[in-house]
Amino acid sequence: MRLGIDFGTTRTVVAAVQDGRHPVAAFDEGGEFRDHVPGIAALRGGELLVGWEAARALADGSAEHALRSIKRVAGALAPDAPVPGLPGVTALQLVTTFLTALRRGLVERANLDLDLDDGLEVMVAVPANSASRQRWLTLEAFRRAGFTPIGLLNEPTAAAVELAHRHLGGLERKSPKRYVVVYDLGGGTFDTSAVSLEGRRFDLIASEGLARLGGDDFDALILEVAGIPASADALERAREAKESLRPTSRRLLLELGTGEPRSIDVAELYARAQPLIDRTLAQTDLLFDRLRQCGIDPDDPRERGGVYLVGGAAGFPAVGRALRARFGKKLQLAPQPFAATAIGLAIAADPDAHVMIHE
C-alpha cells in the first residue's frame, strides 16, 4: 500500500493510492469517523499519549503535562533535545511515538484494508523552508515508526500536484499557464511557492516562507483578545472557535468548559490579525520578485495558473478576504484545504499518475 501523509501542525492527514483514486483515510474514534489525527501530546501517569487519546486526556483534565502542535515544537529542536513541557521526552521520541500511533490507527481503525504485515510506502512532505535537521528528523521518525519513505516533497509542491491533477484537461501543451502560486498557511508555518505546470513536470521555481507563523498564532491572538492565559486546553478551544467562524460571523463564542462562553467582537479580532496576514503577503511579494529574477512576469495573468489557497489556517475568513482583495478571480480555494497536501503526496506516490517532480 502506498500513502501520502501530511504530518501537520494541527492535523495529520493520510491519503491512499487505490486503483487510480486517492481517498482520504478516516479513523473510527469512539464510533465517530475523523479525517485527521490531531497533533497533541500529553503525559498521564508517566505514559506518553498522542493524537486523539491525548486530546481526550486534555479535555477531561487527566493530563499532567500536555502540548499541542507536535510538529511545530519538535521542528525547532535537535532530535535528541528534550521537549519543553514533556519531561523525559526527546523531539525524535515524540514524533516517532506519534507516527507509531498513526500507523497503528491506520491498521486498526481506518477505512483502509491494511494488515500489520503490509509494507506501508509513504510519500512525506515538509515545509518548503525546513532546515536539514527537521527533514532528517521527519524521515527518521517515519522509518522508526514502521513506514518506508519513498520520497520527500515540499508541502506547496504537493498541493500544486493536487491542483494540477484535478485540472489536467486545462493544462494541455498549448495552454499558456506556466506555473501556479501556492499560498499554504498551516497550523505552524507559512509557505508560498511558485511551481511549474509545464509538461506535467512539477519544478519548484521559487519559494518563500515563515517558519513560525500559522494558525497557532491566530489561536493565541483569540486568547489575547479575550484576556485568557494561554494553555494547551485553552488554545485548543480557541482553535475550535476559530474554525467555526464564517464570513458573515460578527461574534466569536469561546467555550472554556466552565461558566459562560466568552464573546469576542470579530471585527476587533480581524483588525488584530491583520499584521500577521500582512507578513504573509510580504512574503508573497518577495516570491514575485524572485519570479522576475527568473524571467517570469508575475503580473501577466495569462501565465499564472492561479493563486492556490491551502492549509487549515487559510479558512480563517480574514485571510480569504485579504487575498481576494489582492488577487481577485485568480484566487482558488482548495476543495479540501486540510487534505490537499496529503492528496498531492498520494498522487506523487502513484506510479500510474505519471507525474515528474523536481525540487
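Residues numbered from 1 in each chain as written. Predicted model: local features only at pLDDT ≥ 70, side-chain atom pairs only at ≥ 80, totals over all residues. Heavy atoms only, no water.

### Topic: the overall build of the protein chain
Then, number 1: Within the protein chain one finds ten helices and 18 strands.
Then, number 2: In summary, the protein chain has a C-alpha radius of gyration of 20 Å against a globular reference of 21 Å for 359 residues, a match within 12%.
Then, number 3: Principal-axis analysis of the C-alpha atoms gives the protein chain an extent of 60 × 55 × 35 Å.
Then, number 4: Burial statistics for the protein chain: of 359 residues in total, 56% are counted as buried. (Helix = DSSP H or I, 4+ residues; strand = E, 2+ residues; numbered from the N terminus. Rg over C-alpha atoms; globule rule 2.2 N^0.38 Å. Buried < 20%, exposed > 50% of the residue type's maximum accessible area, 1.4 Å probe, protein only.)

### Description of the sheet that holds strand β18 (residues 356–358)
Then, number 1: Within the open sheet, the six strands sit side by side as β17-β16-β11-β12-β13-β18. Their pairing is mixed. A single partner strand is all that each edge strand has here, and the edge strands are β17 (331–333) and β18. Across the sheet, the mean angle from the axis of one strand to that of its neighbour is 25 degrees, orientation sign disregarded.
Then, number 2: Taken together, the five bridges between strand β11 (residues 179–185) and strand β16 (residues 304–310) define a ladder with parallel strand orientation. If you follow V182 over to β16, its bridge partner there is Y308. (Pairing = 2+ DSSP bridges. Axes fitted to C-alpha atoms, helices over the stretch in contact; angles between N-to-C directions.)

### Considering helix α10 (residues 340–349)
Then, number 1: Across the ten residues that make up α10, a large majority, ten, are buried.
Then, number 2: Within the sequence span of α10, burial applies to A340, T341, A342, I343, G344, L345, A346, I347, A348 and A349.

### Details of the sheet that holds strand β7 (residues 47–50)
Then, number 1: The strand order across the open sheet formed by three strands is β7-β6-β8, and the pairing between neighbours is antiparallel. Among the strands making up the open sheet, the edge pair consists of β7 and β8 (65–68). Ignoring strand direction, the axes of neighbouring strands in this sheet form an average angle of 15 degrees.
Then, number 2: Judged from the four bridges that link them, strand β6 (residues 40–44) and β7 form a sheet pairing that is antiparallel.

### Thoughts on the packing of helix α3 (residues 91–108) against helix α4 (residues 132–144)
Then, number 1: As a packed pair, α3 and α4 sit with axes 8 Å apart at the nearest point and diverge in direction by 50 degrees. With respect to their mutual orientation, α3 and α4 come out oblique. Here α3 runs over α4; the crossing is right-handed. Every residue of α4 that contacts α3 at A91, L92, V95, T96 and L99 is listed here: W136, L137, E140, A141, F142 and R144.
Then, number 2: Tallied by class, the residues present in the contact of α3 with α4 amount to eight nonpolar, one polar and two charged. (Parallel < 35°, antiparallel > 145°, perpendicular 65-115°, else oblique. Left-handed = near helix turned anticlockwise from the far one by under 90°. Contact = heavy atoms within 4.5 Å. Nonpolar A, V, L, I, M, F, W, Y, C, P; charged D, E, K, R; others polar.)

### Considerations on the side chain of H36
Then, number 1: With respect to the helices and strands, the residue H36 is situated in the loop between β4 (32–34) and β5 (37–38).
Then, number 2: Of the polar contacts made by the side chain of H36, one reaches the side chain of D35; its length is 3.1 Å.
Then, number 3: H36 has contacts with R11, T12, V13, F27 and W52, leaving out every residue within four places of it along the chain. (Polar contact = N/O pair within 3.5 Å; in protein donor to acceptor, adjacent residues only side chain to side chain.)

### Digging into the packing of helix α6 (residues 215–226) against helix α8 (residues 266–293)
Then, number 1: Relative orientation of the contacting elements α6 and α8 amounts to 145 degrees, with a least axis distance of 10 Å. Judged by the sense of rotation from one axis to the other, the crossing of α6 with α8 is right-handed. Facing D217, F218, L221, I222, E224 and V225 of α6, the residues of α8 in contact are E268, L269, R272, A273, L276 and I277.
Then, number 2: Of the residues belonging to the contact of α6 with α8, the class tally is eight nonpolar, no polar and four charged.

### Describing the nonpolar core
Then, number 1: Judged by nonpolar contacts, the single largest core of 50 residues is most densely connected at L3, I70, L86, L99, L106 and F147.
Then, number 2: A total of ten residues in this core trace back to one element, the largest contributor, which is α3.
Then, number 3: Not counting chain neighbours up to four residues away, the residues in contact with F147 comprise L3, I5, L99, R103, L106, L120, V122 and F142.
Then, number 4: If you look at the next biggest cluster of nonpolar residues, it comprises 46 residues, including A194, F288, L291 and A313. (Core = buried A, V, L, I, M, F, W, Y, C linked by side-chain atoms within 4.5 Å.)

### Describing α3
It helps to recall that an α-helix has 3.6 residues per turn; residues three or four apart then point in one direction.
Then, number 1: A rise of 1.5 Å per residue sets the reference length of α3, with its 18 residues, at 26 Å; its end C-alpha atoms lie 26 Å apart and thus fit the reference within 8%.
Then, number 2: With 13 of 18 residues buried, α3 lies mostly within the body of the structure. (Expected span 1.5 Å × (residues − 1).)

### Here's the deal with the pairing of strand β10 (residues 148–154)
Look at any regular strand and the pattern is simple: side chains alternate between the two faces of the sheet.
Then, number 1: Relative to β10, strand β9 (residues 121–126) is paired through six bridges, and the arrangement is parallel. Note that in β10 the partner of A125 across the bridge is L153.
Then, number 2: Note on the crossover from β9 through α4 to β10: the handedness is right-handed. (Right-handed = clockwise from strand over helix to strand, strands pointing away.)

### Topic: the pattern of salt bridges
Where charged atoms of side chains with opposite charge meet at close range, the side chains can pair.
Then, number 1: Summed over all chains, the structure comprises 27 salt bridges.
Then, number 2: A salt bridge links D217 to R72; its shortest N-O distance comes to 3.1 Å. Of this pair, D217 sits in helix α6 while R72 sits in helix α2 (residues 70–75), and the two are 145 residues apart along the sequence.
Then, number 3: Judged by its relative accessible area of 22%, D217 falls in the partly exposed class.
Then, number 4: Taking relative accessible area as the criterion, R72 reaches 13% and is therefore assigned buried.
Then, number 5: Across the pair D299 and R292 runs a salt bridge, and its minimum N-O distance is 3.4 Å.
Then, number 6: Relative accessible area serves as the criterion here: at 57%, D299 is assigned to the exposed category.
Then, number 7: Salt bridges linked by common partners bring R11, R68, R72, D216, D217, D219, E236, R239, K242 and E243 together as one network. (Salt bridge = Lys/Arg side-chain N within 4 Å of Asp/Glu carboxyl O.)

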